[in-house]
Amino acid sequence: MTHLKGDPSFILQLFSNYYSVTNMLPWNYYEQDIRKHQIDTLKIFNDNVIEVVENTDYRVDFVADGKNMSLNVLLGTEFPKEKPTIYVNPAIPHPWIAENSNQVVGAPGLVNFTLHSDLGRVVQAIIREFQKWLPNVTGDEVKSTEISPQSNFSVQSLMFPELSELTVEELQEILENTDLQDKLLENNPQLLELDMETEELMSNIEEIAQDNITKQQTLDDLKTDVIDRISTIVQMKMNYEELNRRHQKLADMYDPHRIRDCLKQAALKADEDAESIAEQFLLGNMPVEMFVSKFAEKRALGQARRAREERLAHQLAQLDKATA
């Protein structure tokens, strides 16, 4: 048999990278996408695909030796974690079909079905096998769902036609010699086809893994860029908060209502100072000239501040009335 070429350690690394990427998110995140992808492959690799029940039941019609046949493909609720159920109509005698049934159970792609299989390729391989097989059976055999021991013998002979030409002694020698058995298996067309499909699948996995490795640097660069932008945003937010505090402080300081209150307090303070000067004069602690000068200054300052406070209060009242 043929095998995947390349350094085993390198291939193992590729598989590890591939599965690490595919397992980063939980299964339920990918479930619907994987199911849809499997159904898409069914339609891509096969003609005449009919959807009987959406997302669940499909019929694939095909012609074998001039006879109209079909495969019923049933997808359970756990598909593709569990393999599909496939029936052939009409039933034919074949080693892949269950005894006294029309259910396909022995197809290699179906037996080895996994999440990473292609449903379309599996069904395609079954159809090709039946198309090659049907000319070798009679019309009565196609109609019958029972396979007799004699027909089983003919089935095995068709799978390994070279056995029918060997004597009992030669058959016994093959039975006792593992090397001869391996050689017989290596030359079997069905096993060779399965091996080719496996090699193709491995090649696809390797390509996906290599593509993931190639994109790793881009992913790291984007991650670094996102971190840098977050850091910039955090710094901008801190600057904004500081500027906002300064703005609020200045806004409070120069608020017209606060200025009015300050003017009112300053006018009262000037009046109190004037009264204090008058008391000092009455007590004889201040000469007339100094009293007149300081008293007049404080009175004038208080009146000026009160006039400004009243004018500002009037303006604020008009503003409040206009915006009401």
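What you are looking at is a predicted structure, and each value in this text was computed from that prediction instead of being measured.

Asker: What is the right way to read the overall build of the protein from this model?
Answerer: Helix and strand counts for the protein come out as 11 helices and 5 strands. Per-residue burial over the protein gives 25% buried out of 324 residues. Considering only contacts in the protein between residues 6 or more positions apart, those separated by 24 or more positions represent 56%. With the model as given, the accessible surface of the protein reaches about 22000 Å², and the carbon-plus-sulfur share is 55%.

Asker: How should the pattern of salt bridges be read in this particular structure?
Answerer: It is possible for side chains of opposite charge to pair when their charged atoms get near one another. This structure, assessed with the given rule, holds 14 salt bridges. Linking D118 and R121 is a salt bridge whose minimum nitrogen-to-oxygen distance equals 3.3 Å. Assessed through its relative accessible area of 19%, D118 is described here as buried. For R121, a relative accessible area of 27% translates into the label partly exposed. Salt bridges linked by common partners bring D118, R121 and E200 together as one network.

Asker: What exactly am I supposed to notice about the layout of surface pockets here?
Answerer: Over the atoms, a rolled probe matching the size of one water molecule traces out where space is still vacant. A volume near 400 Å³ is recorded for the second largest pocket. For the lining of the second largest pocket, the secondary structure elements donating two or more residues are α3 (108-111), α4 (119-133) and α9 (189-253). Considering every element that reaches the lining of the second largest pocket, the biggest residue donor is α9, with 8 residues. When the residues that make up the lining of the second largest pocket are grouped by side-chain class, the tally is 7 nonpolar, 7 polar and 4 charged.

Asker: Even after reading the chapter, I still don't get unusual backbone geometry, so can you show me in this structure?
Answerer: Most peptide bonds take the trans form, and the phi angle of most residues other than glycine is negative. For the bond from F79 to P80, the omega torsion is 10°, close enough to zero to count as cis. Inspection of the secondary structure puts P80 in the loop between β3 (67-74) and β4 (85-89). Backbone torsion omega between N89 and P90 reads -5°, so that peptide bond is classified as cis. Structurally, P90 can be placed in the loop between β4 and β5 (103-104). One non-glycine residue with positive phi stands out, namely N48, at about 60°. Even without being glycine, N100 reaches a positive phi, approximately 55°. Mapped onto the secondary structure, N100 falls in the loop between β4 and β5.

Asker: Can you help me understand the packing of helix α10 (residues 256-282) against helix α11 (residues 288-323) in this one?
Answerer: Helix-helix packing is described using two parameters, namely the angle between the two axes and the distance between the axes. It is at 8 Å that the axes of α10 and α11 come closest, and there the two elements cross at 160°. In this view, α10 runs roughly antiparallel relative to α11, as classed from their interaxial angle. In terms of crossing hand, the pair formed by α10 and α11 is left-handed. Here the residues of the contact of α10 with α11 are counted per class, giving 17 nonpolar, 2 polar and 12 charged.

Asker: I would appreciate a short explanation of the side chain of D118 in the present structure.
Answerer: Its place among the elements puts D118 in the loop between α3 and α4. When sequence neighbours within four positions are dropped, the list of residues in contact with D118 reads H37, Q38 and T41.

Asker: Would you take a moment to explain empty space enclosed by the protein for this structure?
Answerer: Summed over all chains, the structure comprises 2 cavities of 30 Å³ or more. A volume near 150 Å³ is recorded for the largest cavity. As for the largest cavity, its lining consists of 15 residues, of which W96, P108, A125, E193 and E197 are closest to the centre. Listed by contribution, the elements that provide at least two residues to the lining of the largest cavity are α3, α4 and α9. Partitioning the lining of the largest cavity into residue classes produces 7 nonpolar, 2 polar and 6 charged.

Asker: What exactly am I supposed to notice about the nonpolar core here?
Answerer: In globular proteins that are soluble, nonpolar side chains generally tend to be buried together. Grouped together as the largest cluster of nonpolar side chains are 28 residues, with contacts concentrated most on L71, V73, I86, V104, V123, I126 and F130. Sort the elements by how many residues they give to this core and α4 lands first, with 7 residues.

Procedures and definitions
Residues numbered from 1 in each chain as written. Predicted model: local features only at pLDDT ≥ 70, side-chain atom pairs only at ≥ 80, totals over all residues. Heavy atoms only, no water. Helix = DSSP H or I, 4+ residues; strand = E, 2+ residues; numbered from the N terminus. Buried < 20%, exposed > 50% of the residue type's maximum accessible area, 1.4 Å probe, protein only. Contact = heavy atoms within 4.5 Å. Areas by Shrake-Rupley, 256 points an atom, 1.4 Å probe, with all protein chains shown as cover. Salt bridge = Lys/Arg side-chain N within 4 Å of Asp/Glu carboxyl O. 1 Å grid on protein atoms, 1.4 Å probe; cavity = no way out; pocket = protein on both sides within 12 Å on 5 of 7 lines; lining within 4 Å. Points joined across faces, edges and corners; volume = space filled by probe spheres on them. Nonpolar A, V, L, I, M, F, W, Y, C, P; charged D, E, K, R; others polar. Axes fitted to C-alpha atoms, helices over the stretch in contact; angles between N-to-C directions. Parallel < 35°, antiparallel > 145°, perpendicular 65-115°, else oblique. Left-handed = near helix turned anticlockwise from the far one by under 90°. Core = buried A, V, L, I, M, F, W, Y, C linked by side-chain atoms within 4.5 Å.

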